[in-house]
Amino acid sequence: MTDAAELRRRTQEFLAAHPPASTARPDFLRARFDAGLAWVHFPEGLGGLGLPRTLQPVVDAELAAAGAPDNDPRRIGIGLGMAAPTILKYGTEEQKRRFLRPLWTGEEVWCQLFSEPGAGSDLAALGTRAVRDGDTWVVDGQKVWTSSAHLARWAILIARTDPEVPKHRGITYFLCDMTDPGVEVRPLRQITGEAEFNEVFLTGVRIPDDRRLGEVGDGWRVAQTTLNNERVAIGGRRLPREGGMIGPAARTWRERPELRTHDLHQRLLTLWVEAEVARLTGERLGQQLAAGHPGPEGAGMKLAFARLNQEISGLEVELRGAEGLLYDDWTMRRPELVDFTGRDAGYRYLRSKGNSIEGGTSEVLLNIVAERVLGLPAEPRTDKDVAWKDLAR
């Protein structure tokens, strides 16, 4: 089966056997995964059919027309966008079969335990230790800026397993059960008043060796798959015209003529065009990804996403004048997802400040674009061949 017509017929047969109106949502999602209609480019038996990624919209259109439930992708974005492709590439067959189905259906939420207080932009300098004890690893350390940790059952985790070698070579990648003893999640309240991020303390957490992803000491290479997918997930999402931040700003302009000035008009036009260019570039990137794996180009998209969000939200606050300074609710909450367009202009303005930090700082991403996309010489590094234990910290 390779063409759209056959895939459409298969989807219609699935809908006939599992009517959305009379099938419980969890049962429908599990059945969809088992039928290979979750992500058609994944292998058979793992939610897919081994087809080109470009055919997924055929399935999605048929399901949407039938009123079928989705898997709430915004709530489980870390699992879908980061954990799943990494598990697919590096996981054992047992790991793939254990984790991918409940990940896709949303029955198990995932988070990402990468950044640390002393290892954010320089992630390879991380200090969380994992020491082998027979068939398990004992993990101690602290992670920070962890989205969804308060909701997650599982985490993708990188930890240092060999301090005697240079920092990039002594890291191993694990799958951590967030319900295990020794895992403590604490909220981090942000400028928005919410605590969607968390800090996570790991104290004597025991992780079986069969939840290691990839080889011992090869965690940095495994993590690159996660990070490349993360940047695409953040900056390369496919949107309709006027999707994202530019939509509310454009609506305010159309609906509130009394707020308009010539200067604001020129700035809005410029940002509208830039947002449309970014949207179309994201479409092109998505088409390129259909033929392979994400590369460093996702860093450029994530850079554009952060800059545009901050400039557009700033313009919207300025356009609204005194109104733009109002804020709807400073109540401390721990939300399940980030809702840029469902809140007011003040929230968008404040929340967008984090866009140039999360998912890789803009400064780091500029280096990635320079070195891996443009082919410019790398910055001089004095620590590449120094054992991690000997680095100044």
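Overview of the structure. These numbers come from a predicted model, not from an experiment.

**A short note on the overall build of the protein**
Consideration 1: The helix and strand inventory of the protein stands at 11 helices and eight strands.
Consideration 2: For 393 residues, the compact-globule estimate of 2.2 N^0.38 gives 21 Å, and the protein sits close to it at 22 Å.
Consideration 3: Each of the three principal axes of the protein carries a C-alpha extent, and together these read 70 × 55 × 45 Å.
Consideration 4: A burial count over the protein gives 51% of its 393 residues as buried.
Consideration 5: Carbon and sulfur atoms make up 53% of the accessible area of the protein, which amounts to about 18,400 Å² in all.

**Some words on the side chain of Asn 355**
Consideration 1: With respect to the helices and strands, the residue Asn 355 is situated in the loop between helix H10 (345–351) and helix H11 (362–373).
Consideration 2: Of the polar contacts made by the side chain of Asn 355, one reaches the side chain of Glu 358; its length is 2.7 Å.
Consideration 3: Discounting chain neighbours no more than four positions away, the residues touching Asn 355 are Lys 302, Phe 305, Ala 306, Asn 309, Gln 310 and Phe 340.

**So, the packing of aromatic side chains**
Aromatic rings considered in pairs are described by the distance between their centres and by the relative angle of their planes.
Consideration 1: Using the criterion set out here, one finds 11 aromatic pairs in the structure.
Consideration 2: Measuring from ring centre to ring centre gives 6.0 Å for Phe 114 and Tyr 173, while their planes differ by 90°; the resulting arrangement is edge-to-face. Residue Phe 114 is located in the loop between strand S1 (110–113) and strand S2 (129–133), and its partner Tyr 173 is located in strand S5 (residues 171–177); the two are separated by 59 residues in the primary sequence. The same class applies to Phe 114 as to Tyr 173, namely buried.
Consideration 3: Through pairs of rings, three or more aromatic residues link up here, namely Phe 33, Trp 39, Phe 42 and Trp 104.
Consideration 4: Against the face of Phe 201 rests Arg 186, its NZ or CZ located 4.1 Å from the ring centre.

**Considering the packing of helix H1 (residues 4–17) against helix H3 (residues 56–65)**
Consideration 1: Running from N to C, H1 and H3 cross one another at 35°; their axes reach a closest spacing of 9 Å. Regarding H1 and H3, the two cross each other, and that crossing is right-handed. Contacts between H1 and H3 pair Ala 4, Leu 7, Arg 8, Thr 11, Gln 12 and Leu 15 from the former with Val 58, Val 59, Glu 62 and Leu 63 from the latter.
Consideration 2: When grouped by side-chain class, the residues that make up the contact of H1 with H3 number six nonpolar, two polar and two charged.

**Overview of the pattern of salt bridges**
Consideration 1: Tallied over the full model, the rule gives 43 salt bridges.
Consideration 2: Close ionic contact of Arg 9 with Glu 6 constitutes a salt bridge, the shortest N to O distance being 2.2 Å. With a gap of three residues between them, Arg 9 and Glu 6 both fall in helix H1, about one helical turn apart.
Consideration 3: Classification of Arg 9 as partly exposed rests on a relative accessible area of 34%.
Consideration 4: In this structure, the salt-bridge partner of Arg 98 is Glu 108, at a minimum N-O distance of 3.0 Å. With Arg 98 in helix H5 (residues 93–105) and Glu 108 in the loop between H5 and S1, this residue pair connects regions lying 10 residues apart in the sequence.
Consideration 5: A residue is classified by how much of its surface remains accessible, and Arg 98, at 33% relative accessible area, is partly exposed.
Consideration 6: Residue class for Glu 108 comes out buried when judged on its relative accessible area of 11%.
Consideration 7: Within the structure, one salt-bridge network assembled from shared partners comprises Arg 256, Glu 258, Glu 316, Arg 320, Glu 323 and Arg 348.

**Quick notes on helix H4 (residues 77–90)**
Consideration 1: Along its 14 residues, H4 runs 19 Å from first to last C-alpha, staying within 8% of the 20 Å computed at 1.5 Å per residue.
Consideration 2: Taking the largest bend as the criterion, H4 deviates by roughly 40°, centred on Ala 83, and proline Pro 85 comes between one and four positions later.
Consideration 3: When you tally the buried positions in H4, you get 10 out of 14 residues, the bulk of the element.
Consideration 4: Residues Ile 78, Gly 79, Gly 81, Met 82, Ala 83, Ala 84, Pro 85, Thr 86, Ile 87 and Tyr 90 constitute the buried set of H4.

**Describing the nonpolar core**
Consideration 1: Judged by nonpolar contacts, the single largest core of 32 residues is most densely connected at Trp 39, Trp 110 and Tyr 173.
Consideration 2: Listed by contribution, the elements that provide at least two residues to this core are helix H2 (25–34), H4, H5, strand S4 (154–160), S5 and helix H6 (219–235).
Consideration 3: Considering each element in turn, this core owes the most residues, six residues, to H4.
Consideration 4: Once residues within four sequence positions are removed from consideration, Trp 39 is found in contact with Phe 33, Leu 46, Gly 47, Gly 48, Gln 56, Leu 80, Ala 84, Leu 100, Leu 103 and Trp 104.

**Let's talk about the pairing of S5**
On a regular strand, one side chain projects to one face of the sheet and the next to the other, so that they alternate.
Consideration 1: Of all seven residues in S5, seven are buried, a share of seventy percent or more.
Consideration 2: Here S4 pairs with S5 via seven bridges, running antiparallel. Paired with Ala 159 across the two strands is Thr 172, which belongs to S5.
Consideration 3: Of the strand pairs in this sheet, S5 and strand S8 (residues 212–213) are connected by two bridges, and their pairing is antiparallel. Bridged to Tyr 173 within S8 is Leu 213.

Basis of the calculations
Residues numbered from 1 in each chain as written. Predicted model: local features only at pLDDT ≥ 70, side-chain atom pairs only at ≥ 80, totals over all residues. Heavy atoms only, no water. Helix = DSSP H or I, 4+ residues; strand = E, 2+ residues; numbered from the N terminus. Rg over C-alpha atoms; globule rule 2.2 N^0.38 Å. Buried < 20%, exposed > 50% of the residue type's maximum accessible area, 1.4 Å probe, protein only. Areas by Shrake-Rupley, 256 points an atom, 1.4 Å probe, with all protein chains shown as cover. Polar contact = N/O pair within 3.5 Å; in protein donor to acceptor, adjacent residues only side chain to side chain. Contact = heavy atoms within 4.5 Å. Phe/Tyr/Trp six-rings, centres within 6.5 Å; stacked < 30°, edge-to-face > 60°. Lys NZ or Arg CZ within 6 Å of the ring centre and 35° of its normal. Axes fitted to C-alpha atoms, helices over the stretch in contact; angles between N-to-C directions. Left-handed = near helix turned anticlockwise from the far one by under 90°. Nonpolar A, V, L, I, M, F, W, Y, C, P; charged D, E, K, R; others polar. Salt bridge = Lys/Arg side-chain N within 4 Å of Asp/Glu carboxyl O. Expected span 1.5 Å × (residues − 1). Bend = angle between axes of the 7 residues up to and from the residue. Core = buried A, V, L, I, M, F, W, Y, C linked by side-chain atoms within 4.5 Å. Pairing = 2+ DSSP bridges.

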